[in-house]
Amino acid sequence: MTRLYHDRSFAVFRQINRLARATGLSPYSPQQFTAMQADHTLCCLVAELPRFQRPPVGYILYQLIVPEVEIYDLAVHPLWQKHGIGSLLWRIAQRHMREAGATECRLEMRRSNTKAQRFYRGHGFQEHGVRQDYYREPPEDAILLHCRLLTDDPEPPVQFSLDLPPKG
Ligand SMILES: CC(C)(COP(=O)(O)OP(=O)(O)OC[C@H]1O[C@@H](n2cnc3c(N)ncnc32)[C@H](O)[C@@H]1OP(=O)(O)O)[C@@H](O)C(=O)NCCC(=O)NCCS
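My aim in this report is to walk through the structure given alongside it, one point at a time. All values reported here derive from a predicted model rather than from experimental measurement.

### Digging into the nonpolar core
One finds Leu45, Ala47, Tyr59, Ile60, Leu89 and Ala93 to be the most contacted residues of the largest nonpolar core, which totals 35 residues. Examining the composition of this core, we find that 7 residues originate from one element, helix α3 (residues 85-99), more than from any other. If we ignore the near neighbours within four places in the chain, the residues touching Ala47 are Thr2, Leu4, Pro56, Val57, Gly58, Tyr59, Ile85, Leu88 and Leu89.

### Some details on the pairing of strand β5 (residues 104-110)
Relative to β5, strand β4 (residues 68-76) is paired through 3 bridges, and the arrangement is parallel. For Val69, the partnering residue across the bridge sits in β5 and is Cys105. The parallel pair β4 and β5 is bridged by α3, and the resulting crossover is right-handed. Of the strand pairs in this sheet, β5 and strand β7 (residues 140-148) are connected by 7 bridges, and their pairing is antiparallel. Bridging from a neighbouring strand, Arg110 pairs with Ala142 of β7.

### So, the site of the ligand
Close to the ligand lie 20 residues, the nearest being Val76, Gln81, Gly86, Ser87 and Ala116. Of all elements in the fold, only β4, α3 and α4 (114-122) reach the threshold of two or more residues within the shell around the ligand. Here the shell around the ligand gets 5 residues from one element, more than from any other, and that element is α4. Residue composition of the shell around the ligand, by class: 8 nonpolar, 8 polar and 4 charged.

### Some words on unusual backbone geometry
Following Val66, the chain continues into Pro67 via a peptide bond in cis, with omega recorded as 10°. Note that Pro67 resides in the loop between β3 (58-65) and β4. Cis geometry marks the peptide bond from Glu137 to Pro138; its omega dihedral reads -5°. Following the sequence through the fold, Pro138 ends up in the loop between β6 (126-135) and β7. For Asp133, which is not glycine, the phi dihedral falls at a positive 50°. Tracing the chain through its elements places Asp133 in strand β6. By C-beta crowding, Asp133 is classed as exposed, having 9 other C-beta atoms within 10 Å. If you trace the backbone, Glu137 turns up in the loop between β6 and β7. On the neighbour-count criterion, Glu137 (6 C-beta atoms within 10 Å) is exposed.

What counts and what doesn't
Residues numbered from 1 in each chain as written. Predicted model: local features only at pLDDT ≥ 70, side-chain atom pairs only at ≥ 80, totals over all residues. Core = buried A, V, L, I, M, F, W, Y, C linked by C-beta atoms within 7 Å. Buried ≥ 20, exposed ≤ 12 C-beta atoms within 10 Å, placed from the backbone. Helix = DSSP H or I, 4+ residues; strand = E, 2+ residues; numbered from the N terminus. Contact = placed C-beta atoms within 7 Å. Pairing = 2+ DSSP bridges. Right-handed = clockwise from strand over helix to strand, strands pointing away. Near = placed C-beta within 6 Å. Nonpolar A, V, L, I, M, F, W, Y, C, P; charged D, E, K, R; others polar.

In structure tokens, the structure reads:
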């Protein structure tokens, strides 16, 4: 069973950087982590597989400014991709966003990241623009995607346990 929990501790941020590097996303600096910890609009939902006693295998990091949400990262370790963990993270994060009153979600990604674009389109996101030469190293356009958050969850229940976000 996948265990999901909200956590913005430095221990989890270190694991996030490990996953970001493994999946080709940009890792964060210690200064960014300090700013992220102080920002209570920032949410981090982490996926673990307790049965395998491993560090987190995936996470989704998003900023919740009702009624909008910006996804910064969604990543699943390459060894654990295509097992539904990314979909589960998105689905449970989406439920959290909706319960907080959000109605719109957006994100941007490299044009060459066709795998993630397929994933997001499969989950109802649509392209709504391009930022030319937005990325560096290497330079590349950003594709802007957005979706309206579903008012109910049409998918069948799955096995997972969820720890609620800490208060405050
Ligand atoms: C995008 C990403 C998070 C998806 O994570 P994931 O855990 O592989 O996602 P899922 O397993 O839920 O779905 C991925 C695919 O596997 C398929 N799949 C899901 N469960 C499956 C299973 N049990 N067996 C086989 N395939 C399965 C899904 O249908 C989906 O197919 P698609 O690629 O044609 O849409 C992952 O590819 C990733 O970390 N990419 C690198 C980081 C990145 O670019 N993030 C996005 C920018 S923020």
